[in-house]
Structures are given as structure tokens and as C-alpha cells.
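Secondary and tertiary structure notes
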Amino acid sequence: MSISQSLESIGFLSDFADSVLVYPIVLSIHLTCIALFGGMILMTNLRLLGLTFNSVTITQMVTNLRPWKLVGGTIMIATGLLLATSEATKYALNPFFWTKMIILGLIFVHGFVFRPIVYNRTEELDRSAAIPAKVKVAAILSLVLWTGMFTMGRLIAYWE
Amino acid sequence: MLLQNTFVDALNDAEWVFPLAECVHIGGFAIGVGSIALVDFRMLNLGLRQETTARILRYTELWTIVALIFVLFSGATLFLSQTHIYLINQIFPIKMYILLAALIYNFTIHRKVATMENPPPALSKVVAIMSLLLWVLVVFGGIFTGFLE
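Note on numbering: residues in each chain are counted from 1, in written sequence order. Chains carry letters and ligands carry numbers; both start at the beginning, A for chains and 1 for ligands, and go up in the order they are written. Only residues with pLDDT of at least 70 are given local features in this predicted model, and only at 80 or more are side-chain atom pairs given and counted; all residues enter the totals for whole chains, interfaces and linings.

Topic: the packing of helix α3 (residues 22-48) of chain A against helix α2 (residues 17-43) of chain B
Any two packed helices are characterised by the angle at which their axes cross and by the distance between the axes. Applied cut-off: Axis angles are defined between N-to-C directions and span 0 to 180 degrees, where every axis is a line fitted to C-alpha atoms and, for a helix, only to the segment in contact. The secondary structure listing takes helices from DSSP runs of H or I that are at least 4 residues long and strands from runs of E that are at least 2 residues long, numbered from the N terminus. Every angle not falling under 35 degrees, over 145, or within 65 to 115 is termed oblique; those three ranges are roughly parallel, roughly antiparallel and roughly perpendicular. Contact between two residues is assigned whenever their backbone-derived C-beta positions fall within 7 Å. In this classification, the charged set is Asp, Glu, Lys and Arg, the nonpolar set is Ala, Val, Leu, Ile, Met, Phe, Trp, Tyr, Cys and Pro, and all remaining amino acids, among them Gly, are polar.
The geometry of α3 of chain A relative to α2 of chain B is characterised by a closest axis approach of 7 Å and an angle of 80° between their N-to-C directions. Between α3 of chain A and α2 of chain B, the interaxial angle falls into the category roughly perpendicular. The residues of α2 of chain B that touch α3 of chain A, namely those facing Ile34, Ala35, Leu36, Gly38, Gly39, Met40, Leu42 and Met43 of chain A, are Ile26, Phe29, Ala30, Ile31, Val33, Gly34, Ser35, Ala37 and Leu38 of chain B. Among the residues forming the contact of α3 of chain A with α2 of chain B, the class breakdown is 13 nonpolar, four polar and no charged.

Below you can see the structure in the form of C-alpha cells.
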């Protein structure tokens, strides 16, 4: 039995996939998180690019919203895991799913690279007159990666 | 009538239109609802506390409106490309009523209280919770339209 088959056969996961209501409810929670916390990611990046929230310091923007993004990210990963493992055999063959997972990996790489030089140095950034190039690169890459995430997420449904 | 329109035919013929419109729809509501949620979070005293609610509303409002326009247009595209399915769907009209309520609420009561000089904290909280609830219900309505008939 393959890994994906054994995952699917776990009791509560197969009950889950068979239920008419539970799957859409979990998917709705997944998407609600995108709406609530995706907006925060976007606004933080727009602030880094100097496009909005100009009277709010970068420090405030990053530190105030960070706990909420963590909560949102955790719920998103938890619900995403439920969705993917309940139909593991389908997802295992789905190229859009794997592209999405690669992008997710790249989002973590983005965090490792830019946290120490951008997101954890906001006070320094608030003092500088112009927005440094590394900040713009971090913000634009984040926007591109997250756009890729939800696009691939949606396209998963189109692979047969 | 709608189904005989050439624009609608073109939508039905192009396989990529529906998924593309869905992606715009999702990206749009992430920005639209997400920016409204930032105002709500402030009203609930949960985020960006150093700023006034009115100011956060001013920063986010344009993004909200532009994003919601994208959501409405992509939504209309989805509807027109599968009109027959949506018209017999039992969840879809419920979603539309909630959406209408959410839109009206957002630009009337929600806006009014968010721009008040010193609103009673309890009022702000109730208004914010109501706003979040309405938008979350719209998202649930959208997913359930796809899953139930």
C-alpha cells in the first residue's frame, strides 16, 4: 500500500472525505483564512513598498500583525493538511498540488532569507529616508509567491 | 436569452476562462475582505492599535473598493458562463442575499461607525463582529454553492 493510500485509509480521514458537509466546511475555513490573513500579508507588503499606511511605521505594521498571521497560517496549514490527506491518492498525482507545495517551500525560504535582513530590522527601516532595494524585493517576491499559492490552490480542482 | 448571447458562448467555449475568473475572484476577495478585516480588527482592539479606526479605513478603502469591483466582475463572469447551473442552485441565491447585505452594511453602518470620532467601544465591537460574520458567511456561501446543488 502506498503512502497516499495508507493516509487515506486512516479512519477519521476517510470518514471526512465521505462526508458531504465536512469537506466544504473545512475548505471554507481554509478560504476564510486566505481572506482574513491574506489581506494582512498584502497590506504589510504594500506598506513596505510605500503604497499605503504611510503614517503607520513599518515596525507597527510588522509586529502588530505578526501574531495574527501566525494564527491564520496555522489554521490554513491545519485545514490544508486535512483536505490533502483525505484525498491523498488524488493529490499525490496532481501536478498543481505539487507546484503549490514547492511554492509553499519557497515561502519558507523567503522567510529565512528576508526575516533577518528586513522583517526583524524594521526600526532601522523606519529611520531610513528611502525604501532600500532589499525591502522592495522582499515585498514583491512575497506578493508573487502568495499569488502563485492561491492560483495553484484553485487549479488543483481542475486536474483529473 | 442570456444563454444565446455570443459573449456567453465565448465564455462557455474557452476552458481557461472559468478557472482564471475563479483565481481573480479569490485574489480579489482576499484583498477586499482582508482590508475590511483590518478595520474590524482595529475596532475589536486586536491590531494596529496605535492608529485610529478612521485612519485605517482611509488607508484601506481604495484597495477594498477596487478589489471588490474585481470580485464582482469575475463573479459575474463565473455566473454567466454557467448560468443554468447557478439558477437552479439552492445555495447561490442565499449567498447573493448575504453578499448584498454585506455590501450595503459595509458602506453604511460599518463606515459610519468606523469614521466616528469617539464611538462607544461596545458599539464598535458589535459592528466589527457583524462585519466579519457577514463576510465569512459570503465565503462559506461561495464554497457551498460549488459543493451542493
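Points about the interface of chain A and chain B
The interface is formed by 26 residues belonging to chain A together with 27 residues belonging to chain B. Counting residues per element, the side of chain A that touches chain B draws most heavily on α3 of chain A, at 13 residues. Partitioning the side of chain A that touches chain B into residue classes produces 16 nonpolar, nine polar and one charged.

Looking at the environment of aspartate 126 of chain A
Residues and elements named next belong to chain A. Applied cut-off: Counting other C-beta atoms within 10 Å of a residue's C-beta gives its exposure: the residue is buried at 20 or more, exposed at 12 or fewer, and partly exposed in between, where C-beta atoms are placed from the backbone.
Here aspartate 126 shows up in helix α7 (residues 122-127). You can call aspartate 126 exposed: it has 12 C-beta atoms within 10 Å. Residues aspartate 126 and glutamine 60 lie 66 residues apart in sequence; the distance between their C-alpha atoms is 9.9 Å. Excluding residues within four positions of it along the chain, aspartate 126 makes contact with Thr57, Ile58 and Thr59.

A look at the confidence of the model for chain A
Selection rule: Each residue carries a pLDDT score, the predictor's confidence in it, ranging from 0 to 100.
Confidence along chain A averages 88 in pLDDT terms, with 90% of residues attaining 70 or more. Averaged pLDDT values for the elements of chain A fall to 66 in helix α2 (residues 11-18) of chain A and rise to 95 in helix α6 (residues 95-119) of chain A.

Remarks on the environment of glycine 153 of chain A
All names here are of chain A. Along the chain, glycine 153 turns up in helix α8 (residues 133-155). Accessibility expressed as a C-beta count within 10 Å gives 22 for glycine 153, which makes it buried. It is 11 Å that separates the C-alpha atoms of glycine 153 and histidine 30, two residues lying 123 residues apart in sequence.

Quick word on the confidence of the model for chain B
All names here are of chain B. Here chain B shows a mean pLDDT of 90. Residues at 70 or above account for 91%. Within chain B, the element-level pLDDT minimum falls on helix α1 (residues 6-13), averaging 63, and the maximum on helix α5 (residues 92-114), averaging 96. Confidence metrics for the complex model read pTM 0.87 and ipTM 0.84.

Describing the nonpolar core
Spelled out, the test is: Each nonpolar core reported here comprises buried Ala, Val, Leu, Ile, Met, Phe, Trp, Tyr and Cys residues connected via C-beta atoms within 7 Å.
Formed by 61 residues in total, the largest nonpolar core has its most connected members in Ala35 of chain A together with Ala30, Val33, Leu38, Val39, Trp135 and Val139 of chain B. Within the residue set of this core, elements represented by two or more residues are α3, α4 (58-86), α6 and α8 of chain A together with α2, α3 (53-81), α5 and α6 (121-147) of chain B. By residue number, the principal contributor to this core is α3 of chain A, which donates 14 residues. With residues up to four places along the chain from it excluded, the contact list for valine 39 of chain B reads Thr53, Ile56, Leu57, Thr60 and Ala114 of chain B.

Remarks on unusual backbone geometry
All names here are of chain B. Of note in the backbone geometry, asparagine 45 takes a positive phi value of approximately 65° without being a glycine. Given 13 C-beta atoms within 10 Å, asparagine 45 falls into the partly exposed group. In the Ramachandran plot, leucine 48 falls in the positive-phi region, its phi being about 50° despite a non-glycine side chain. Positionally, leucine 48 belongs in the loop between α2 and α3.

Describing α3 of chain B
Keep this limit in mind: Residue count minus one, scaled by 1.5 Å, sets the expected span of a helix. To get the bend at any residue, fit one axis to the seven residues that end at it and another to the seven that begin at it, then take the angle between the two axes.
Compared with the 42 Å implied by 1.5 Å per residue over 29 residues, the 40 Å span of α3 of chain B between its first and last C-alpha is a close match. At threonine 60 of chain B, α3 of chain B shows its maximal kink, close to 45°.

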